[in-house]
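# A structural walkthrough
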Amino acid sequence: MFVQIRFVQIRDSRRVLCLAAAAAMTIAVTGAAHAQQKTDVIFSAGPTGGSWTPMAAAASQVVNKRYPELNVQVEPGAALVNMEKIRNDKADIGWSMTTVMSDAQKGEGQFAGKQTDKGLFVANFYPNVWQLVVPANSEIKSVKDLKGQPVALPSRGNTSLAAGWEYLLKVNGMTLNDLGAKSYGPVSSNAEAIKNRQAMAAGWFTVVPASFIMDLGSAMPVRVLGVTDEEIAALQKINPGFVPYTLPAGIYKEQGVTEAVKTFQSPTVLIASSKTSADVIYKITKAIVEGRDEFGNVTSVMKGVTGANMAENFGMPMHPGAEKYYKEAGLLKK
């Protein structure tokens, strides 16, 4: 048998070489195919015109550059929408807010009867600050002064309406029905309504400085309504995701606001589905934390953000993949 095999190999050496080459090519092609296999990651971002969509695009580039095996695909979304998509297994990661996370976990607010623990904390990005503005020459000095006044409100279903307006009115013994004429729409149309004297107030959760306040302040001096310690404490009883925040003195100096203003925030956080693998979220967390300097090109509020800042979860449950990275990086106690 041994002699016969040697004879065939010698006689058909060319054939053997061709077969070997073909086999090697097959192995190479198969290996390449395996190497090109990618894991799709659906990133539910934000509505058109806000900072969440460009931030999501930047985050996807940061991740894809460092881990090309992850194919991060950005889709439109919003804080409530993103949690709902994760709850229904239609997204892997998405932007949200600590207030939304709290409501979803408790089955309260917009998630009454829809309690879920699928949306887990990955990273803290930047303050999402409540800013309620009125014309400076108005007599409106507090939320209670808005009773009967025409107001421009965020679109129905928007977090700024549900967790901003409705909660703030509630702790002041009011509801939306106590306001005067109401118009609903995006932040740009809210600002236009005040410019045109069709509304006396507009309020949103957004970055500092807020573009809508700077835009409105270019047409008229404005006043940002402050929030008292008592109001903040009452808000935190409703939802522990609220965090106190003070607008720095002079941040809106050119718009007519010279003093610091006490308000509150619901931090912008990246969340992930509990069904998304720990390995994938570990890589995403590592990529965005170590590549965080690139986010400063999208929004100035991300400039100077540290890894420790991004690991701050405000008591929210953390995804195992994110927790693994933060512990390895020394950003969490092991």
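Scroll up for the structure.
Okay, so let's go over this structure.

As a further point, take the overall build of the protein. Counting its secondary structure elements, the protein contains twelve helices and twelve strands. When each of the 334 residues of the protein is scored for burial, the buried share is 46%. Considering only intrachain contacts with a sequence separation of at least 6, the fraction spanning at least 24 residues in the protein is 75%.

Scanning the model with the defined rule gives 14 salt bridges in all. One salt bridge connects K283 with E69, and the closest N-O pair in it is separated by 2.9 Å. Of this pair, K283 sits in helix α10 (residues 278–290) while E69 sits in the loop between α3 (52–66) and β2 (70–75); the two residues are 214 residues apart in sequence, bridging distant segments of the chain. You can call E69 partly exposed: its relative accessible area is 28%. The closest approach of N and O atoms between K114 and E84, which form a salt bridge, is 3.6 Å. One end of the pair, K114, is in the loop between α5 (98–106) and β4 (119–126); the other, E84, is in helix α4 (residues 79–87), with 30 residues separating them in the sequence. Look at E84 and you get partly exposed, because its relative accessible area is 22%. When salt bridges that share partners are traced, they join K65, R66 and E294 into one network.

As a further point, take unusual backbone geometry. Across the junction of V208 and P209, the peptide omega takes the value 0°, indicating a cis bond. Relative to the assigned elements, P209 resides in the loop between β8 (202–206) and α8 (211–217). Positioned with a positive phi, D89 is a non-glycine residue whose angle comes to about 60°. Looking at the element boundaries, D89 is found in the loop between α4 and β3 (93–97).

Moving on, we get to the pairing of strand β5 (residues 129–135). Within a regular strand, side chains alternate between the sheet's two faces. Counting buried positions over the seven residues of β5 gives seven, a clear majority of the element. In this sheet, strand β9 (residues 222–224) lies alongside β5 in antiparallel orientation, the contact comprising three bridges. In the sheet register, V133 faces β9, and the bridge partner there is V224.

To characterise two packed helices, one gives the angle between the axes of the helices and the distance between these axes. Following both chains from N to C, one finds α10 and helix α12 (residues 320–328) inclined at 50°, their axes separated by 7 Å at the closest point. As judged from the angle between their axes, α10 and α12 are oblique. Where α10 crosses over α12, the two elements pack in a sense that is right-handed. The segment α10 lies against α12, with A278, I281, Y282, T285, K286, V289 and E290 engaging P320, G321, A322, K324, Y325, Y326 and E328. Class assignment of the residues belonging to the contact of α10 with α12 gives a composition of eight nonpolar, two polar and four charged.

With their axes 10 Å apart at the nearest point, α4 and α5 run at an angle of 40° to one another. In terms of axis orientation, α4 runs oblique to α5. Classified by chirality, the crossing of α5 by α4 is right-handed. Listed contacts from α5 to A79, L80 and M83 of α4 are V100, M101 and A104. Looking at the contact of α4 with α5, its residues break down into six nonpolar, no polar and no charged.

Within an α-helix, residues lying three or four positions from one another point in the same direction, as the helix has 3.6 residues per turn. The buried count for α5 comes to seven of nine residues, which makes it a mostly enclosed element. Buried within α5 we find T98, T99, V100, M101, S102, D103 and A104. Residues of α5 that are buried make contact with α4, β3, β4, α6 (159–170) and β12 (268–273). With its phi angle positive at about 70°, G107 sits one or two positions after the end of α5.

In globular proteins that are soluble, nonpolar side chains generally tend to be buried together. By size, the foremost hydrophobic cluster in this structure holds 79 residues, and its most contacted members are F125, W165, I288 and Y326. In this view, F125 contacts M55, W95, T268, L270, I288, F295, M302, V305 and M310; residues no more than four positions away in its chain are not counted. Judged by nonpolar contacts, the second largest core, of 20 residues, contains V129, A193, I194 and A202.

Further remarks concern the sheet that holds β4. In spatial order, the strands read β2-β1-β3-β12-β4; together these five strands make up an open sheet with mixed pairing. Each edge of the sheet is formed by a strand with only one pairing partner; in this case those strands are β2 and β4. Between one strand axis and the next, the sheet turns through 30° on average, direction left out of account. Note: strand β1 (residues 39–44) against β2, six bridges, orientation parallel. Following the sheet pairing, V41 is matched in β2 by V72. Here α3 sits on the sheet and contacts β1, β2, β3, β4 and β12; the angle it forms with β2, its principal contact strand, is near 175°.

Calculation rules
- Residues numbered from 1 in each chain as written.
- Predicted model: local features only at pLDDT ≥ 70, side-chain atom pairs only at ≥ 80, totals over all residues.
- Heavy atoms only, no water.
- Helix = DSSP H or I, 4+ residues; strand = E, 2+ residues; numbered from the N terminus.
- Buried < 20%, exposed > 50% of the residue type's maximum accessible area, 1.4 Å probe, protein only.
- Contact = heavy atoms within 4.5 Å.
- Salt bridge = Lys/Arg side-chain N within 4 Å of Asp/Glu carboxyl O.
- Pairing = 2+ DSSP bridges.
- Axes fitted to C-alpha atoms, helices over the stretch in contact; angles between N-to-C directions.
- Parallel < 35°, antiparallel > 145°, perpendicular 65-115°, else oblique.
- Left-handed = near helix turned anticlockwise from the far one by under 90°.
- Nonpolar A, V, L, I, M, F, W, Y, C, P; charged D, E, K, R; others polar.
- Core = buried A, V, L, I, M, F, W, Y, C linked by side-chain atoms within 4.5 Å.

By themselves these figures say nothing about function.
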